[in-house]
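# Breakdown of the fold
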Amino acid sequence: MVSTTPGASEVRPRPLSQYVLKVHSRCDLACDHCYVYEHADQSWRGRPREIAPDTVAAAADRIAEHARHHGLRRVHLVLHGGEPLLLGVAGLAMVLTRLRAVIEPVAELDLRMQSNGVLLTPQLCDLLVEHGVQIGISLDGDAAANDRHRRFAGGASSHAQVRRALALLRRPEYRHSYAGILCTVDVRNDPIRVYQALLAEAPPRIDFLLPHATWNDPPPRPDGAATPYADWLLRVYREWIRGGTPVDIRLFDSLLAAAAGGRSGTESVGLDPADLAVIETDGAWELADSMKTAFDGAAGTGLDVFRHSADAVAAHPEFAGSQRGLNQLCRTCRDCPVVGQCGGGLRAHRYSDAGGFDNPSVYCADLKELITSINHESSTAAARTGGGPDPGGPGGDLLLDGLPADDLLDDLGTGHGSAAGLRRLAATQVAYVRGLLVQIADRVAGTPTAAAWDLMVRLDEEAADAVSATFAHPYVRRWARHCLAPPAGEPPDWAHLGALAAAAAMRAGADADIEVPLRSGLLHLPGLGALALDEPGARGARLSIAGGGLTARTGRSTVTVPAASTGPPPTAWLPVRRVDLGGWDVLVEDLDPYRDCYQWPVTGRLDPAQLAFWQRSLAAAWARIQRLAPGQVPGLRVGLRAVAPLRLPPAGGLRSAASRDAFGALGTVPADPDPLAELLVHEFQHVKLGGLLDVSVLYDPAYRRRLVVPWREEPRPLEGALQGTYAHLAVADLWRARPGTEAARHYRRYRGWTLRTLDELAATGALTGHGDRFVRRMRETVESWPDDAH
């Protein structure tokens with residue numbers, strides 16, 4: 001847009017950094033709420049079914065040209081439809097190869113795809129991994145909720161096919177391609193059931209969308225409710241907060257970020273200027289897809305990639321208007337106290353034949369109620385917690401104002417990690433384990449083990465906290481992964497699901513009758529203990545739980561453990577052991593059958609003298625950590641649940657380890673207080689970083705070059721270098737607080753190692769935006785320390 005006033009300066013349109021490329025204009029589903037096919041705009045009927053190679057080439061050239069002209073370092077592009085997977089492996093490979101070849105020499109290309117998932121296969125997933133594409137899947141909840149709208153043309157359900165796609169994306173080899181789930185709100189569906197169904201799929205992010213509507217065709221409001229969409233979303237918000245914000249929810253994160261003065265990062269809310277353009281299968285440049293719901297042709301610009309540059313699109317009056325912030329909004333919106341967060345809502349939702357877009361959103365009342373309620377509840381929670389870590393440890397109240405993604409990176413990048421940050425990682429792990437168990441439930445359907453899953457589902461409805469506490473035991477994830485991808489020659493241990501269900505029933509105080517496996521004469525209840533049954537060769541027992549007690553029956557023996565209030569347990573009951581660390585405790589885990597997940601072997605059951613030594617060692621090491629590394633205390637209190645004793649090396653010395661599949665636990669040998677404190681801090685860094693890597697992609701998984709690191713003779717893979725650096729950051733901090741010349745020498749060594757490897761990591765060019773932020777935060781932390789501790 002250029003001013004026509006003589007002497008006036010040129011107003012430059014904002015460069016475009018986000019694009020949607022339509023690669024197929026048809027869909028294999030017939031969703032009745034789809035804006036492409038069911039709303040006002042019907043331009044799809046005249047579009048080519050598939051994008052042609054010359055259209056892909058022209059689109060790639062225009063995007064690269066624009067990025068080069070404006071010096072853009074990063075471009076975001078979403079493959080869309082219709083349904084993009086209809087293009088098939090060969091068609092998508094053509095598109096992705098061309099885009100990468102043309103755009104990547106100019107700017108980093110962040111490739112995404114939005115799909116219904118029905119056609120997703122391992123071959124397509126391999127293609128996504130090869131080209132670094134993250135895919136979002138549309139799912140509206142459980143089968144009943146999803147099938148209100150997302151059906152095939154003949155009326156058949158799509159739910160099972162979509163869940164199969166999500167199960168594929170949860171596989172370790174495809175996890176980095178899993179972008180999240182998109183869910184369109186229908187207020188007739190139960191919001192908690194919808195949220196729990198989505199959470200069970202272990203998505204990295206959930207995106208709740210209001211159904212597209214205008215003042216001409218307003219959204220349904222059952223029973224004439226004033227704000228049914230706000231009421232529905234607030235129920236999800238409160239459940240999300242109560243659970244420790246286990247997953248990013250874009251709408252809530254955007255509103256909280258805008259409340260703090262940041263960018264919303266979405267066109268749906270906030271006042272971020274628009275910088276997104278759509279390219280249709282025929283090469284037409286269009287406005288955001290949501291505009292199709294306003295009127296026929298609302299998204300059109302009259303421009304195309306063959307004749308018009310992206311600069312011409314950015315200068316289009318509709319784009320220019322959307323970049324005027326408050327000035328694009330009607331008077332009602334400009335005068336509203338929450339306009340900075342709401343931003344008038346989605347532009348298409350403001351449309352009416354009478355006033356065009358000069359109206360508040362058709363969801364105005366809902367948005368205002370949602371925003372004011374979230375603001376009130378988050379500020380109340382912050383006041384209650386004093387804005388800092390909750391001192392209550394693992395048993396305290398949840399910190400109610402969860403951390404947005406960038407804040408979590410900054411929090412953990414200090415090398416410490418607040419109670420809030422560790423709660424978020426822990427809650428995400430529980431959600432991840434739930435997703436794994438959903439896959440296991442699919443595998444055991446129709447077998448006797450399905451009864452254990454049925455019990456778990458009932459308990460989750462009646463006592464969700466007890467089920468979550470069971471899933472939070474560190475070695476449950478290791479068992480689940482072992483089942484879904486067992487080592488060669490080992491059968492899946494499906495029966496252990498019965499042990500988990502029994503443990504959840506015990507925690508809930510619920511009655512149950514269930515089959516539980518035996519291992520070497522032990523009936524394990526993860527996180528609680530084990531029952532010794534003297535019947536050689538027995539592979540299982542019938543376990544009855546009633547009134548807080550339990551009875552186990554095998555072919556020839558019966559053992560009863562009474563409720564704690566009615567008498568002491570028999571010697572056959574082997575409880576988990578705990579170490580009281582002054583206001584919180586940690587398990588000395590010497591029972592769980594899946595604790596042997598480290599590079600060093602674990603011990604068997606400790607005898608009383610060994611246990612006493614362990615308890616003294618851990619208590620003394622904890623006292624050292626409190627004195628020398630107080631910044632580690634809040635995170636350890638929340639995140640460290642168990643220590644698995646490792647066998648001492650034959651020649652003596654120290655050993656310790658952590659496992660990506662055992663969040664909240666570490667293994668170590670007993671030691672004197674100072675070295676044990678260092679081992680605990682060192683390994684807990686690996687635990688935290690492993691949890692962070694589960695929720696955030698910090699580096700390009702395709703990067704193969706190994707890095708030279710100062711603490712190992714052999715070069716390390718990028719993740720190994722990152723893990724070592726994060727551990728040495730905390731160890732340097734520990735030595736920084738110790739007196740003496742020897743401590744100063746150790747401090748200089750670990751600080752130097754950390755800085756040197758941070759430089760190596762930054763120089764790889766393989767860090768994502770999140771990874772770059774995390775590494776920069778670590779560097780800021782280390783550079784804030786003196787060169788010499790003394």
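Our subject is the structure that appears above.
Residues numbered from 1 in each chain as written. Predicted model: local features only at pLDDT ≥ 70, side-chain atom pairs only at ≥ 80, totals over all residues. Heavy atoms only, no water.

### Description of the sheet that holds strand β16 (residues 558-561)
Test applied: A pair of strands counts as paired when DSSP detects no fewer than two bridges linking them. The secondary structure listing takes helices from DSSP runs of H or I that are at least 4 residues long and strands from runs of E that are at least 2 residues long, numbered from the N terminus. To get an axis, a line is fitted to the C-alpha atoms, and for a helix only the part in contact is used. The angle between two axes follows their N-to-C directions and goes from 0 to 180 degrees.
A sheet is described by the order of its strands in space; here four strands give the open sequence β11-β14-β15-β16, paired in antiparallel fashion. Across the chains shown, the open sheet's two edge strands, defined by having one partner strand only, are β11 (512-517) and β16. Neighbour-to-neighbour, the strand axes of the sheet open up by a mean angle of 20°, direction not taken into account. Where strand β15 (residues 549-553) and β16 come together, four bridges link them in antiparallel fashion. Counterpart to leucine 550 in the pairing with β16 is valine 561.

### A closer look at the pairing of strand β13 (residues 529-532)
As paired elements, strand β12 (residues 522-525) and β13 share four bridges and run antiparallel to each other. Within β13, the position partnered with leucine 525 by the bridge is glycine 529. Between β12 and β13, which pair antiparallel and follow one another directly, the connecting turn spans three residues, one of which, glycine 527, has a positive phi of 85°. The pairing of β13 with strand β17 (residues 573-575) spans three bridges and is classified as antiparallel. Directly across from glycine 529, in β17, lies its bridge partner proline 575.

### Considerations on the sheet that holds strand β20 (residues 642-645)
Hydrogen bonds between backbone atoms are what pair the strands of a sheet, whose relative direction is either parallel or antiparallel. The line we're drawing: When checking whether two residues touch, look at their non-hydrogen atoms; a contact exists if any pair is within 4.5 Å.
The five strands lie next to each other as β18-β19-β20-β22-β21, forming an open sheet whose pairing is mixed. Each having just a single partner strand, β18 (577-580) and β21 (656-657) make up the two edges of the open sheet. Where β18 lies against strand β19 (residues 585-588), four bridges are found, and the strand directions are antiparallel. Pairing of valine 579 across the sheet is with valine 586, part of β19. Relative to β18, helix α20 (residues 608-628) is tilted by about 35°, and along the sheet it contacts β18, β19, β20 and β22 (665-668). Across the sheet, helix α22 (residues 673-695) touches β20, β21 and β22, and the angle it forms with β22 is around 140°.

### Re the pattern of salt bridges
Applied cut-off: Any carboxyl oxygen of Asp or Glu that lies within 4 Å of a side-chain nitrogen of Lys or Arg is treated as forming a salt bridge with it. Remark: exposure states derive from per-residue accessible area (1.4 Å probe, protein chains only) relative to the maximum for the residue type, with buried under 20%, exposed over 50%, and partly exposed in between.
Under the counting rule described, the total for this entry stands at 52 salt bridges. Across the pair arginine 47 and glutamate 280 runs a salt bridge, and its minimum N-O distance is 3.7 Å. Taken together, the residues arginine 47 in the loop between β1 (18-22) and α1 (53-70) and glutamate 280 in the loop between β8 (276-279) and β9 (284-286) connect sequence positions 233 residues apart. Note on glutamate 280: relative accessible area 5%, which makes it buried. The closest approach of N and O atoms between aspartate 442 and arginine 163, which form a salt bridge, is 4.0 Å. Here aspartate 442, found in helix α15 (residues 419-444), pairs with arginine 163, found in helix α5 (residues 159-170); they are 279 residues apart in sequence, far enough to count as distant. For aspartate 442, a relative accessible area of 46% puts it in the partly exposed group.

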